[in-house]
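Working through the structure, step by step
For reference, the chains in residue letters:
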Amino acid sequence: GENVEQHPSTLSVQEGDSAVIKCTYSDSASNYFPWYKQELGKRPQLIIDIRSNVGEKKDQRIAVTLNKTAKHFSLHITETQPEDSAVYFCAASITGTASKLTFGTGTRLQVTL
Amino acid sequence: GAVVSQHPSRVICKSGTSVKIECRSLDFQATTMFWYRQFPKQSLMLMATSNEGSKATYEQGVEKDKFLINHASLTLSTLTVTSAHPEDSSFYICSASRLAGYTGELFFGEGSRLTVL
């Protein structure tokens, strides 16, 4: 089955700096890569996703890049704010097989003032 | 649109009792619902996949007789933790993919925190 690795496990940045979280996946058939933000005790919230036919996608301060050849995808958050502090999860799935998502191990992002 | 509601949000039970958690898609029909379990400071681990009207498919290592899943309609799936023990204490989250306008995106319920005493 799919295996998703995520790094780093914790990340501390100063407000205004950028944060980058990286993931790798094992199944070359995976074609959908969402990123979720989860606050303590809450449900995961989709913040951005990318499909395998696209190399990069941006939404305001958040961007995701995908390298299919290397099976890498990354989340980039620019101009970080304290409210960005949360746990972020990457995930991968093969659409068409009921979207069974495999999650990465998570990154705890702390944005300090 | 695409709201998934989960109930109860918190439940405390005694060891040996059974607990039922409901997952409803409020404004869409869900072809498939997924049940995840999340231990503190860990990732979401898929427990099982359920499709309306058929038996759930369980992930390796998940006991199907302990975690009973029923998917009676396109808007409701239930997870029953039978004979719960303290090690079953966890955050259980359901998710659903829509039947119409399928994109691959999953919609998550609020989660249910189970504490077994």
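As shown above, the structure is provided for reference.
Residues numbered from 1 in each chain as written. Chains lettered and ligands numbered in written order. Predicted model: local features only at pLDDT ≥ 70, side-chain atom pairs only at ≥ 80, totals over all residues. Heavy atoms only, no water.

1. Here we look at the overall build of chain A
- Of regular secondary structure, chain A possesses zero helices and eleven strands.
- Listed by position from the N terminus, the elements making up chain A come as β-β-β-β-β-β-β-β-β-β-β.
- Taken along the three principal axes of its C-alpha coordinates, chain A extends 40 × 30 × 20 Å.
- When the 113 residues of chain A are sorted by exposure, 42% land in the buried category.
- The long-range fraction of contacts in chain A, counting pairs at least 24 apart against all pairs at least 6 apart in sequence, stands at 53%. (Helix = DSSP H or I, 4+ residues; strand = E, 2+ residues; numbered from the N terminus. Buried < 20%, exposed > 50% of the residue type's maximum accessible area, 1.4 Å probe, protein only. Contact = heavy atoms within 4.5 Å.)

2. What about the nonpolar core?
All names here are of chain B.
- Ranked by internal contacts, the top residues of the largest apolar core, which has 26 residues, are Val4, Phe28, Trp35, Phe67, Leu79, Tyr92 and Leu114.
- Of all the secondary structure elements, the ones that give two or more residues to this core are strand 2 (10-13), strand 3 (19-25), strand 4 (30-38), strand 5 (45-51), strand 7 (67-73), strand 8 (76-81), strand 9 (90-98) and strand 11 (112-116).
- Ignoring any residue separated from it by four or fewer positions in sequence, one finds Tyr92 in contact with Gln6, Ile21, Tyr36, Arg37, Met47, Phe67, Leu79, Gly111, Ser112 and Leu114. (Core = buried A, V, L, I, M, F, W, Y, C linked by side-chain atoms within 4.5 Å.)

3. With respect to the interface of chain A and chain B
- Taken together, the contact pairs 21 residues of chain A with 23 residues of chain B.
- Summing both partners gives a buried area of about 1700 Å² for chain A against chain B, and 54% of it is carried by carbon and sulfur.
- A salt bridge links Glu59 of chain B to Lys100 of chain A; its shortest N-O distance comes to 3.1 Å.
- In this assembly, chain A and chain B are joined by six residue pairs in polar contact (both at pLDDT 80 or more).
- Where the side of chain A that touches chain B is concerned, the elements lending two or more residues are strand 4 (32-38) and strand 5 (45-51) of chain A.
- Sort the elements by how many residues they give to the side of chain A that touches chain B and strand 4 of chain A lands first, with three residues.
- Of the residues assigned to the side of chain A that touches chain B, the class counts are eight nonpolar, eight polar and five charged. (Buried area = accessible area lost by both parts, 1.4 Å probe. Salt bridge = Lys/Arg side-chain N within 4 Å of Asp/Glu carboxyl O. Polar contact = N/O pair within 3.5 Å; in protein donor to acceptor, adjacent residues only side chain to side chain. Nonpolar A, V, L, I, M, F, W, Y, C, P; charged D, E, K, R; others polar.)

4. Overview of the sheet that holds strand 8 of chain B
Residues and elements named next belong to chain B.
- In spatial order, the strands read 1-3-8-7; together these four strands make up an open sheet with antiparallel pairing. Two strands close off the open sheet at either side, each with one partner strand: strand 1 (4-7) and strand 7. Here the average twist between neighbouring strands, direction ignored, is 15 degrees.
- Two strands pair when backbone bridges link them, and strand 7 and strand 8 are joined in this way by five bridges, in the antiparallel orientation. (Pairing = 2+ DSSP bridges. Axes fitted to C-alpha atoms, helices over the stretch in contact; angles between N-to-C directions.)

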